[in-house]
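Each chain is listed here by its residues.
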Amino acid sequence: MISFVGAGPGNVDLITVKGRRLLEEADVVIYAGSLVSKEHLNFCKEGCKLHNSASMTLEEVIEVMKAGEDENLKVVRLHTGDPSIYGAIKEQMDLLDQEEISYEVVPGVSSFTAACSSIKKEFTLPDVSQTVILTRIEGRTPVPEKEDLEKLAAHKASMAIFLSVQDIGRVVEKLARGYQRDDVPVAVVYKATWEDEKIIIGTLCDIEEKVKKEGVNKMAQILVGDFIDGDYSRSKLYDPTFTHEYRRASK
Ligand SMILES: C[S@@+](CC[C@H](N)C(=O)[O-])C[C@H]1O[C@@H](n2cnc3c(N)ncnc32)[C@H](O)[C@@H]1O
């Protein structure tokens, strides 16, 4: 059996109970070594074969999976965060489908929610934003033109920007044009939930300088929006004057 498992953002306890159990039982683990904490591997049983996918091609990964399947072994493919977000998981599943090899996908805590927990904020505040945009700036991987950061920022929704901190100058420029102001709050969270996590708080006006001063140029979330700092309305759900399915309004 092949199990794609989300390892979570870094801290070893932020994997799901199911993901941990699969790791403990695995005969073969293929882990994304550049981002997944090696501490997860301490939970593997003795004799479990470990492969770091950082130095492997897609075809090599699939070969290891196929060989495991042929021997009826339990194979875990360990991805960082949640595998469905920038996980390059689809191309693996498609090749497994072609080979008629079955698999399961176990979700994980994505780094965008981990980063929001680190700064102790909520993306979806009433009267601020009820939408979260997950995106990235184009790099070697292109981004469709209609999803350009400037266009997305024009919605003035809460944003979590992956894979982009190395280009913080360009990110800030596009966001300021989209939001049409430069006092929008920004939090850059480097290695959320890891021991060496760093949190840098600023606005579109000064975040570039602060990020460069801290030397952060990889593995960071750029969280943007007024949810980070500013006024909001209370939720209806816990409003004493509001009746809903589970509670009557107090008189
Ligand atoms: C290839 S993507 C994988 C995302 C992952 N699937 C997820 O759900 O978080 C790698 C990017 O995710 C972000 N990232 C991953 N782990 C992170 C962490 N612990 N703290 C901040 N950002 C992180 C960074 O933007 C990094 O460049």
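Residues numbered from 1 in each chain as written. Predicted model: local features only at pLDDT ≥ 70, side-chain atom pairs only at ≥ 80, totals over all residues. Heavy atoms only, no water.

Asks: What is the right way to look at the layout of surface pockets in this model?
Replies: The rolling of a water-molecule-sized probe over the atoms marks out the regions of remaining empty space. Its boundaries defined by the atoms lining it, the largest pocket holds a volume of some 1200 Å³. If you go around the largest pocket, you meet 42 residues; those closest to its centre are S34, L35, T80, Y86 and L163. Partitioning the lining of the largest pocket into residue classes produces 20 nonpolar, 15 polar and seven charged. Empty space within the second largest pocket amounts to approximately 150 Å³. Every residue along the wall of the second largest pocket is listed here: G10, N11, V12, S37, E39, T193, W194 and E195. Here the residues of the lining of the second largest pocket are counted per class, giving two nonpolar, four polar and two charged. Among the domains, domain 1 (2–106) and domain 2 (111–224) are the pair contributing at least three residues each to the lining of the second largest pocket. (1 Å grid on protein atoms, 1.4 Å probe; cavity = no way out; pocket = protein on both sides within 12 Å on 5 of 7 lines; lining within 4 Å. Points joined across faces, edges and corners; volume = space filled by probe spheres on them. Nonpolar A, V, L, I, M, F, W, Y, C, P; charged D, E, K, R; others polar. Domains from an automatic or database assignment.)

Asks: I keep staring at the site of the ligand and nothing clicks. Help me out?
Replies: In the vicinity of the ligand, 18 residues are found, and the nearest of them are I85, S110, S111, A192 and A220. Residue P9 places a main-chain N or O atom 2.9 Å away from a nitrogen atom belonging to the ligand. In this structure, an oxygen atom belonging to the ligand sits 2.9 Å away from a main-chain N or O atom of L163. With the chains in place, 93% of the 570 Å² that the ligand exposes on its own is no longer accessible. Placement of the ligand is best described as lying within the largest pocket. Its residues placed into classes, the shell around the ligand shows 11 nonpolar, five polar and two charged. No fewer than three residues from each of domain 1 (2–106) and domain 2 (111–224) sit in the shell around the ligand. (Near = heavy atom within 4 Å. Polar contact = N/O pair within 3.5 Å; in protein donor to acceptor, adjacent residues only side chain to side chain. Areas by Shrake-Rupley, 256 points an atom, 1.4 Å probe, with all protein chains shown as cover. Sits in = over half its atoms within 2 Å of the grid points.)

Asks: I tried to follow the sheet that holds strand β1 (residues 2–6) on my own but got confused; where do I start?
Replies: Within a beta sheet, neighbouring strands are joined by backbone hydrogen bonds and run either parallel or antiparallel to one another. Across the sheet, which stays open at both edges, the five strands sit in the order β3-β2-β4-β1-β5 with parallel pairing between neighbours. Strand pairing shows two members of the sheet lacking a second neighbour, β3 (49–52) and β5 (103–106), which therefore form its edges. Strand-to-strand, the axes of this sheet are offset by a mean angle of 15 degrees, without reference to chain direction. Strands in contact with helix α1 (residues 17–25) are β1, β2 (28–31), β4 (75–79) and β5; relative to β5, the strand with the most contacts, it is inclined by about 130 degrees. (Pairing = 2+ DSSP bridges. Helix = DSSP H or I, 4+ residues; strand = E, 2+ residues; numbered from the N terminus. Axes fitted to C-alpha atoms, helices over the stretch in contact; angles between N-to-C directions. Contact = heavy atoms within 4.5 Å.)

Asks: Looking at this model, I keep getting lost on the side chain of S129. Mind explaining?
Replies: Turning to its location among the elements, S129 is positioned in the loop between α4 (111–118) and β6 (132–136). From its side chain, S129 meets the backbone nitrogen of S158 in a polar contact 3.2 Å long. With sequence-adjacent residues up to four places away left out, S129 is seen in contact with F123, T124, K156, A157 and S158.

Asks: Which parts of the structure should I look at to understand the UniProt feature "domain: Tetrapyrrole methylase" (unreviewed entry) in the protein chain?
Replies: Under the local residue numbering, the UniProt record ascribes the feature "domain: Tetrapyrrole methylase" (unreviewed entry) to residues 1–206. For residues 1–206, helix accounts for 27% and strand for 21%, while the C-alpha atoms at its two ends are 50 Å apart. (UniProt positions renumbered as here; feature names shortened; annotations may be inferred.)

Asks: Can you walk me through the sheet that holds strand β9 (residues 198–203) in this structure?
Replies: Ordered in space as β6-β7-β10-β8-β9, the five strands form an open sheet in which the pairing is mixed. A single partner strand is all that each edge strand has here, and the edge strands are β6 and β9. Averaged over all pairs of adjacent strands, the angle between strand axes in this sheet comes to 20 degrees, irrespective of strand direction. Where strand β8 (residues 185–190) lies against β9, six bridges are found, and the strand directions are antiparallel. Among the inter-strand pairings, V186 is bridged to a residue of β9, identified as G202. Of the strands in this sheet, β6, β7 (158–162), β8, β9 and β10 (220–224) are in contact with α4, which crosses β10 at around 70 degrees.

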